[in-house]
Amino acid sequence: MKIERLLPGLAGIVFLAIIPLLPVPPFWLTILNNIGLASLVTIGLVLLTGVGGLTSFGQAAFCGFGAYTTAVLSTNYGLSPWLTLPLSLIVGAATALPLGLITVRLSGHFLPLGTIAWGLALYYLFGKIDLLGRYDGISGIPPIEFAGYRFMSDGSIYYLIWFFVIAVAIGAKNLLDSRIGRGIRALRGGGQAAEAFGVNIVRAKLTVFVFAGVVAALSGWLYAHMQRSVNPTPFGLSMGIEYLLMAVVGGSGHVWGAIFGASIVLIMKDVLQRFLPDLIGTTANLEMVVFGILLVVILQLARDGLWPFVLKLLPKRSARSLPTSDDRLAKRTLAPAGSSLIKVEKARKAFGGLVAVNDVSFEVRAGQVVGLIGPNGAGKSTTFNLITGLASLTSGSVFYEGQPMTGDSPREVAKHGIARTFQHAKILPDMSVLENVALGAHLRGSAGVFRSFLRLERRQEATLLAEAAFQLERVGLGAYRDRPAGDLALGQIRILEIARALSADPAVLLLDEPAAGLRHGEKQELANLLKKLREEGVSVLLVEHDMGFVMGLVDHLVVLDFGTLIAEGKPADVRKHPAVVAAYLGGVA
Amino acid sequence: MIATFLIQDGVTNGAIYALLGLALVLLFSVTRVIFIPQGEFVAYGALTLALLDGGKVPATTSLLVCFGAIAFLFDLWSMRRGTDIRTFLRSLALNLVLPGVIYGITIVLAPLDLPSVAKALLTILIITPMGVYVYRIAYRPLADASVLVLLIASVGVHLAMMGLGLVFFGAEGLRAEPLADDNYTIGALMVSAQSLCIYGATIAIIVGLYMFFERTLLGKALRATAVNRLGARLVGVRTHLTGVTAFTLAAAIGAVSGVLIGPITTIYYDTGFLIGLKGFVAAIIGGLASFPITAIAAIGVGLVESFSSFFASSYKEVIVFGLIIPVLIWLSLSGGFHEEE
């Protein structure tokens with residue numbers, strides 16, 4: 001990695017390291033420690049809410065689990081804090097997992113409401129349990145010791161806190177910039193596309209949920225040993241709301257924004273608590289009013305938070321060069337030409353009384369390009385969704401290489417080697433073109449959360465990115481590699497989807513209107529690409545409206561009208577078929 | 001005997017939760033706002049009534065004037081690129097004159113020893129316009145935001161309103177005088193006039209809402225907005241007007257709930273939040289969509305609460321809020337998976 005890319009980070013670390021050595025007022029260190037503790041929770045929340053789209057008001061409860069675990073074990077049982085650290089994290093994970101299993105299944109706005117509900121319930125629970133000292137809490141928690149040194153003062157535990165903050169922040173950045181991270185980043189608005197390339201959506205949600213829970217528990221562990229006593233107050237709903245405020249203020253999609261947001265909120269809180277009572281003459285906690293207004297104002301004026309404004313002020317960092325890789329991803333062995341790949345048998349889909357697909361049967365053989373055509377509303381896209389598992393069959397079955405795959409989820413279908421594009425392109429506009437394509441290669445990598453967090457999967461990641469770059473070059477989008485995918489024109493986005501499907505190393509490519517929005521020359525290039533794929537042994541099933549494009553390309557044509565198969569065969573024969581002519585040009589009475 | 005007492009207690013509280021739940025469903029279906037601060041209107045209402053009982057001018061009147069002034073500034077800001085005189089005058093009347101008049105009326109009437117019904121009406125008069133201003137200040141600029149953004153904004157509004165409650169009313173709890181002191185015995189049951197008021201008001205508001213939505217043009221416009229915002233706009237419904245109407249109704253219902261609950265329990269500046277959340281549990285059971293299911297669920301919440309406070313008093317809150325999670329799961333599963341919308 002280039003040194004100038006590391007420079008801002010190193011400068012930040014050095015700056016943080018010398019603060020306690022400077023003659024600063026002691027309360028600065030207290031505030032900085034609190035910022036560090038809050039940053040840990042907020043980083044988790046950024047991943048959960050900003051990136052993953054799961055809004056949680058209940059994160060403070062996980063701090064509670066971490067803090068109470070170490071409080072009970074180190075006071076009642078005399079365990080060393082270093083021993084309770086892994087235990088606190090395990091308790092955080094162990095509570096986040098079942099809560100997450102419930103929470104991530106809640107849809108839309110029910111999810112944040114659910115977090116409010118368990119956030120409140122857990123707070124009351126902390127205050128009722130005798131072992132946890134009820135509302136009085138637990139005091140006399142020992143300080144952290146290391147090689148005889150006791151982290152007692154604000155100035156010493158400061159280093160411990162900020163060590164963890166920086167480690168977690170870097171780990172979180174690593175995690176987002178990985179195979180797993182692409183799945184997580186797809187959660188907001190790209191779930192269907194990610195699932196079609198084998199990302200387990202529920203698992204990705206659980207991953208961020210547990211991650212956020214564990215870092216909150218870490219914050220709780222540090223808090224308990226810094227404060228040396230715990231009670232339920234800091235683990236209630238109002239702290240949960242405050243953490244969310246920090247994430248929103250910072251800019252909920254940015255890891256460093258979490259630290260920024262926590263700093264703004266806590267410094268403001270301190271200033272307000274110190275000066276407002278003198279100014280207005282009441283001792284009421286007015287910061288609540290200010291925070292409430294701040295939250296609304298940020299949502300009204302800067303919904304992406306304040307960190308993007310800071311980023312604008314910072315010097316622009318040079319684009320990261322693509323890591324080189326000598327490894328090549330293993331390629332799938334394709335079935336011998338002519339053998340049956342996808343077989344649709346009497347597939348039927350009814351939406352209430354409307355039969356969208358009516359007992360349709362056809363076959364895609366290895367090495368074939370099959371066209372699926374028909375007038376608007378013929379049931380072509382529904383047929384696609386039946387094959388890829390997005391829609392469930394009312395009756396009938398779908399086979400892959402002779403094995404039934406009826407009822408398989410999109411993810412399982414992807415594992416067979418079926419890659420698809422969507423009629424309404426589903427890309428992730430904020431991710432780079434390259435990363436969008438790399439999402440397609442998800443199943444060809446294996447790195448998990450821990451390897452990604454510790455950046456041990458660089459070799460494999462480089463191979464995945466190299467494959468994505470290769471596919472981009474192949475479809476002619478190489479020049480746009482590092483641009484956000486949202487910058488592309490509609491036609492280019494369709495090509496991007498094809499590159500993404502190709503990077504999955506498919507046995508069968510399902511293209512839903514790939515030529516829509518393309519110019520004549522681009523259509524020709526696409527046709528050439530598909531012909532070349534056929535030579536390589538890849539099968540293609542495509543839905544298309546452009547007859548010239550279809551007729552010149554396909555080996556076999558299937559025609560649907562009102563959900564019913566009306567003709568199939570060689571393009572030249574189908575073109576003359578009376579039912580097809582009637583469907584397209586209107587029946588002759 | 002204990003059971004009948006618990007049931008009566010549960011139904012009384014449940015009726016209040018039902019009012020709040022109905023207001024929440026009304027707001028969500030018309031404006032897509034999940035209105036966490038609904039409970040604050042209740043607290044404001046109850047505390048205002050309690051202060052009026054003491055012959056004092058309640059702080060909510062100055063708060064009302066402040067809200068109006070801020071809303072006026074918002075209007076001025078959106079009028080900065082020119083406007084016609086009518087719009088300006090309307091804004092002036094709504095945001096400055098109206099709160100001023102209410103302030104004046106309260107100053108004159110507060111020291112007089114009014115009958116309790118008059119104090120209740122005055123309280124409702126003070127609280128109701130706040131709905132208009134809260135909508136204008138916090139939600140109208142966000143009218144096109146997603147439900148999630150609106151929900152987070154609601155949490156902000158809740159913090160601000162609760163904090164203002166603390167500033168204006170202080171941390172001490174207050175209890176209002178009941179609207180009527182009488183008690184009636186029906187068989188073994190002793191019913192207070194106050195709980196009869198609560199039942200009566202709840203039923204009246206439910207019937208009133210029904211008539212409003214079924215029989216009036218504005219009510220139908222609200223329903224149309226609830227079904228399809230863009231469509232309603234295309235046929236000429238002013239969606240901002242429906243937003244204002246929904247918030248006014250919600251604030252009025254909140255004030256009524258406050259007037260009703262103020263005399264039966266001590267209200268602190270932050271009590272409203274917990275009461276509101278229980279209305280929420282009911283509204284969520286009603287899927288944030290169904291008025292009748294919400295009303296029935298609210299009675300259920302009241303009963304669960306009163307029984308659990310008897311049998312497992314310290315876990316009352318844990319039980320009530322824990323209860324909501326299975327309901328949410330059931331709603332999510334039966335509603336199908338529509339993440340991409």
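What this report covers is the structure whose coordinates are included nearby.

Cut-offs used in this document
Residues numbered from 1 in each chain as written. Chains lettered and ligands numbered in written order. Predicted model: local features only at pLDDT ≥ 70, side-chain atom pairs only at ≥ 80, totals over all residues. Helix = DSSP H or I, 4+ residues; strand = E, 2+ residues; numbered from the N terminus. Rg over C-alpha atoms; globule rule 2.2 N^0.38 Å. Buried ≥ 20, exposed ≤ 12 C-beta atoms within 10 Å, placed from the backbone. Contact = placed C-beta atoms within 7 Å. Pairing = 2+ DSSP bridges. Right-handed = clockwise from strand over helix to strand, strands pointing away. Nonpolar A, V, L, I, M, F, W, Y, C, P; charged D, E, K, R; others polar. Axes fitted to C-alpha atoms, helices over the stretch in contact; angles between N-to-C directions. Core = buried A, V, L, I, M, F, W, Y, C linked by C-beta atoms within 7 Å. Expected span 1.5 Å × (residues − 1). Parallel < 35°, antiparallel > 145°, perpendicular 65-115°, else oblique. Left-handed = near helix turned anticlockwise from the far one by under 90°.

Our focus in this paragraph is the overall build of chain B. Secondary structure summary: chain B contains 14 helices and 2 strands in total. Here chain B has a C-alpha radius of gyration of 20 Å; the compact-globule value for 341 residues is 20 Å, and the two agree. Its C-alpha atoms give chain B principal-axis dimensions of about 70 × 60 × 40 Å. Relative to its 341 residues, chain B shows a buried fraction of 48%. Pairs at least 24 residues apart make up 78% of the contacts formed inside chain B by residues separated by at least 6 positions.

Now for the pairing of strand β12 (residues 539-543) of chain A. Residue and element names in this part refer to chain A. Of all 5 residues in β12, 5 are buried; the element is thus mostly enclosed. Of the two faces of β12, the one holding Ser-539, Leu-541 and Val-543 and the one holding Val-540 and Leu-542 are both buried throughout. Across 4 bridges, the pairing between strand β7 (residues 369-373) and β12 is parallel. Looking at β12, one finds that Val-370 is bridged to Leu-541. Summarising the sheet, strand β11 (residues 508-512) and β12 pair through 5 bridges and their orientation is parallel. Across the sheet, residue Leu-510 finds its bridge partner in β12, namely Leu-541. Where the polypeptide runs from β11 across helix α20 (residues 520-536) and back to β12, its parallel neighbour, the crossover connection is right-handed.

Turning to the interface of chain B and chain A, a few remarks are in order. Of the residues lining the interface, 39 residues belong to chain B; the matching set on chain A comes to 38 residues. Looking at the side of chain B that touches chain A, the elements that each hand over two or more residues are α6 (147-169), α13 (316-322) and α14 (324-334) of chain B. The element contributing the most residues to the side of chain B that touches chain A is α6(B), with 17 residues. For the side of chain B that touches chain A, the per-class residue count stands at 28 nonpolar, 8 polar and 3 charged.

Residues and elements named next belong to chain A. If you trace the 4 strands from one edge of the open sheet to the other, you get β6-β5-β8-β9, paired in antiparallel fashion. Both edges of this open sheet fall to β6 (354-365) and β9 (403-404), since each of them pairs with a single strand only. Pairing analysis gives 8 bridges linking strand β5 (residues 340-351) to β6, with the strands arranged antiparallel. Residue pairing across strands places Lys-343 opposite Glu-363, the latter belonging to β6. In the packing of helix α14 (residues 380-388) onto the sheet, contacts are made with β5, β6 and β8 (395-400), and the angle to β5 comes to roughly 115 degrees.

Okay, the sheet that holds strand β13 (residues 556-561) of chain A next. All names here are of chain A. Strand order in the open sheet formed by 6 strands is β10-β11-β12-β7-β13-β14, with mixed pairing between adjacent strands. Because the sheet does not close on itself, it has two edges, and the strands there are β10 (418-420) and β14 (564-569). Going across the sheet, the axis of each strand differs from the next one's by a mean of 15 degrees, ignoring polarity. Packed on one face of the sheet, α20 meets β7, β11 and β12 and runs near 145 degrees to β12.

The next subject is the nonpolar core. Counting 297 residues, the largest nonpolar core has Leu295(A) and Leu27(B) as its most contacted members. Residue contacts for Leu295(A): discarding those within four places in its chain leaves Leu245(A), Val248(A), Ile152(B), Ala153(B), Val155(B) and Gly156(B).

Looking now at helix α12 (residues 291-311) of chain B. All names here are of chain B. In a regular helix each residue adds 1.5 Å, so 21 residues correspond to 30 Å; α12 covers 30 Å between its end C-alpha atoms and thus fits that length. All buried positions along α12 are accounted for by Thr-294, Ala-295, Ala-297, Ala-298, Ile-299, Val-301, Gly-302, Glu-305, Ser-306 and Ser-308. Looking at the buried positions of α12, the neighbouring elements they touch are α1 (2-31), α7 (193-215), α11 (271-285) and α13.

Residues and elements named next belong to chain A. The phi dihedral of Lys-346 falls on the positive side, at around 50 degrees, and the residue is not glycine. When you line up the elements, Lys-346 lands in strand β5. A tally of 13 C-beta atoms within 10 Å means that Lys-346 is categorised as partly exposed. One non-glycine residue, Asp-359, lies in the positive phi region at around 45 degrees. Judged by the 14 C-beta atoms lying within 10 Å of it, Asp-359 is partly exposed.

This next bit is on the packing of helix α3 (residues 60-78) of chain B against helix α5 (residues 116-139) of chain B. How two helices pack is summed up by the angle between their axes together with the distance between the axes. Residue and element names in this part refer to chain B. In the contact formed by α3 and α5, the axes pass within 9 Å of each other and the chain directions differ by 30 degrees. The orientation of α3 relative to α5 falls into the category roughly parallel. For the crossing formed where α3 meets α5, the hand is left-handed. From α3, Thr-60, Thr-61, Leu-64, Phe-67, Gly-68, Ile-70, Ala-71 and Phe-74 reach across to α5, where they touch Ile-126, Ile-127, Pro-129, Met-130, Tyr-133, Arg-136 and Ile-137.

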